[in-house]
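# Observations on chain architecture
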Amino acid sequence: METRVRRGDAAQATGEFVIVPLAAGEENGATVRALGRVAGSAALRATVAATRFRGREGQMATIPVAGRGRRVFCLVGLGAAGSLDTDAWRRAAARGRSAAETAGARRVMILADARATDEAHLVALAEGFHLAGYRFTKYKSDGETPPVIERLSIVAPDPPAEQELRAAWLRLDAVVEAVALVRDLVNEPAAVKTPTYLGDLAKAFAKKLGTRSGLTVDVWNLARIKKEKLAGLLAVARGSREEPRLIRLHYKGAGARRHVALVGKGVTFDSGGLSLKPAKSMETMKIDMAGGATVLATMQLLAKLQLPIEVSAFVPATENLPSSTAQKPGDVITYRNGKTVEVLNTDAEGRLILADALILAADRKPDSIIDLATLTGACMVALGHQVAGLFGNDRPLVERVAAAGRAAGEPLWELPLVADYRDDIRSPVADIKNIGGGYAGSITAALFLEHFVAECPWVHLDIAGPAFTEKALPYYPRGGTGFGVRTLLHYLTKTASEDDGDGATRVADGSARRKGSGRTRRAGARRGARRPRK
Ligand code: BES
Ligand code: MN
Ligand code: ZN
């Protein structure tokens, strides 16, 4: 959808549906007075007062403008003016959009103020607005059609020039499409989105982009997976008649200096296997490929945007089902790097298949590895539905990913890789076992993964909570959220622009440090990190 930006203030708020974000205490402020003049109505302030709108976060007041056809001012509360982060603008735009849809508006205007007039804030407004427009209606037989909003225009006092924003809007369109792809895949029933389906989808979008895009996809079938000794993927897939897939994607943009590896959990349905889940816990288990979908969509996005970076991605995809051929508690599997794992709970399957993918990723010796997985219910217990668990073995990398999450409005919270808890996953019969002692389940899961990343700087995002939302949030309709795509894009964009070719490395604050110092610090942090005792 088209996004336009116009220079102006309340006097230009002439659209049929005008979203007006206001912080607490601004219900009597200059903007509302100016809107009153625009509406030619001294009564506007009284009307606002009557709605008891106070600018609290999430508060809304929709005010029809008398004598102006169907024109509406929609005030949206931002919360306390002192604590506005970028996400406040995303949420405000998203809430305004919902109200606009309810009102049946076709052309919507957002009145931005001086706080939201630079590119980052204008993009946040548009991003919240566009992300909120997603619907999953393909299985509705009553032909329910989403409301049609045709155009968004943003009025801001001092915006960048139109042509400066053009790249930002193209990028935003691609981002919103990538998020929608993840949501579609997560919402799709497991009967449809089999491992084979995911592999075919990756091949199809790579083919469409063409090899000149720098993206290549290579999908391993069962025979190849056996040949490559992907022990975890084989063990989990044994229970199902659906064949597993290991989806490998590679992207290299012109001018790439950094190499990142991405890994995403692709369990297309998690019944628990023989360690069967109760019915209630299984209801949402089609979402268990959200990490994999995020990685697929991000790779497609990188190729569309032609980011100057190299990325190797690995998505192990399988169902986790019980059957007479399923793996059994007590089985021992041997990975291609020689590590042995005692499988005590077949429902801890994510770590088993991620281990294969992490070995493959680390073999490439990338600058960093990031994995995303709906890995543990324990992470939801700890952090709820809106925050992902963040783990890592390398301080600078953890900080960078955390910063990317903040920029994206995707909250990540670091949990510790407690060295002493490594004892919890020791096995009496194999090197390690696939469950811990009962407490700190998301930490012991991360400690399990750490065994397979060799010496590589690595971050693990446990997205079990935020991958899916039962209740609609401002820019997440109920269902798959697409959480993670925008964090990865922020991280990869920043990493791509790191320049050590001219003798300096640009760091987040824009200053430069001596060539090699970043590396040294990273290596130092790695040495300092306690390695798992084997
Ligand atoms: N896919 C689940 C984790 C999950 C739970 C994701 C709820 C999203 C919502 C994972 O495979 C799993 O079953 N984990 C077990 C691990 C346990 C057996 C050690 C869990 O969290 O209960
Ligand atoms: Mn499971
Ligand atoms: Zn799972």
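All of these numbers come straight from a predicted model, not from anything done at the bench. (Residues numbered from 1 in each chain as written. Chains lettered and ligands numbered in written order. Predicted model: local features only at pLDDT ≥ 70, side-chain atom pairs only at ≥ 80, totals over all residues. Heavy atoms only, no water.)

### Overview of the overall build of the protein chain
For the protein chain, the count of helices and strands is 16 helices and 22 strands. Relative to the 2.2 N^0.38 estimate, which gives 24 Å for 534 residues, the radius of gyration of the protein chain is 25 Å and therefore close to what a compact globule would have. Burial analysis of the protein chain (534 residues in total) assigns 57% to the buried set. Here the protein chain holds 76 positive side-chain charges and 58 negative ones, and the gap between their average locations is 2 Å. (Helix = DSSP H or I, 4+ residues; strand = E, 2+ residues; numbered from the N terminus. Rg over C-alpha atoms; globule rule 2.2 N^0.38 Å. Buried < 20%, exposed > 50% of the residue type's maximum accessible area, 1.4 Å probe, protein only. Lys, Arg positive; Asp, Glu negative; His and termini not counted. Charge placed at Lys NZ, Arg CZ, Asp CG, Glu CD.)

### Notes on the sheet that holds strand β6 (residues 151-156)
The strand order across the open sheet formed by 6 strands is β1-β6-β5-β2-β4-β3, and the pairing between neighbours is mixed. Each having just a single partner strand, β1 (2-7) and β3 (60-64) make up the two edges of the open sheet. The mean angle between the axes of side-by-side strands here comes to 20 degrees, regardless of whether they run parallel or antiparallel. The pairing of strand β5 (residues 107-111) with β6 spans 5 bridges and is parallel. Bridge pairing in β6 places V108 opposite L152. Along the sheet, helix α4 (residues 119-131) makes contact with β1, β2 (17-23), β5 and β6, crossing β6 at roughly 155 degrees. (Pairing = 2+ DSSP bridges. Axes fitted to C-alpha atoms, helices over the stretch in contact; angles between N-to-C directions. Contact = heavy atoms within 4.5 Å.)

### Observations concerning the packing of helix α3 (residues 86-103) against α4
Put simply, α3 and α4 touch, their axes get as near as 7 Å, and they point 40 degrees apart. With respect to α4, the element α3 is oriented oblique. Viewed along their axes, α3 and α4 form a crossing whose handedness is right-handed. Of the residues in α4, those in contact with T86, W89, R90, A93, A94 and R97 of α3 are A120, H121, A124, L125, E127, G128, F129 and H130. (Parallel < 35°, antiparallel > 145°, perpendicular 65-115°, else oblique. Left-handed = near helix turned anticlockwise from the far one by under 90°.)

### Focus: the pattern of salt bridges
All told, the structure shown has 35 salt bridges when counted by the stated rule. Here E150 makes a salt bridge to R106, at a shortest N to O gap of 2.7 Å. Remark: R106 occurs in the loop between α3 and β5 and E150 occurs in the loop between α4 and β6; sequence separation between them is 44 residues. Exposure remark for R106: the relative accessible area of 40% places this residue in the partly exposed category. One salt bridge connects R224 with E228, and the closest N-O pair in it is separated by 2.8 Å. On the basis of relative accessibility, which here comes to 31%, the residue R224 falls in the partly exposed class. (Salt bridge = Lys/Arg side-chain N within 4 Å of Asp/Glu carboxyl O.)

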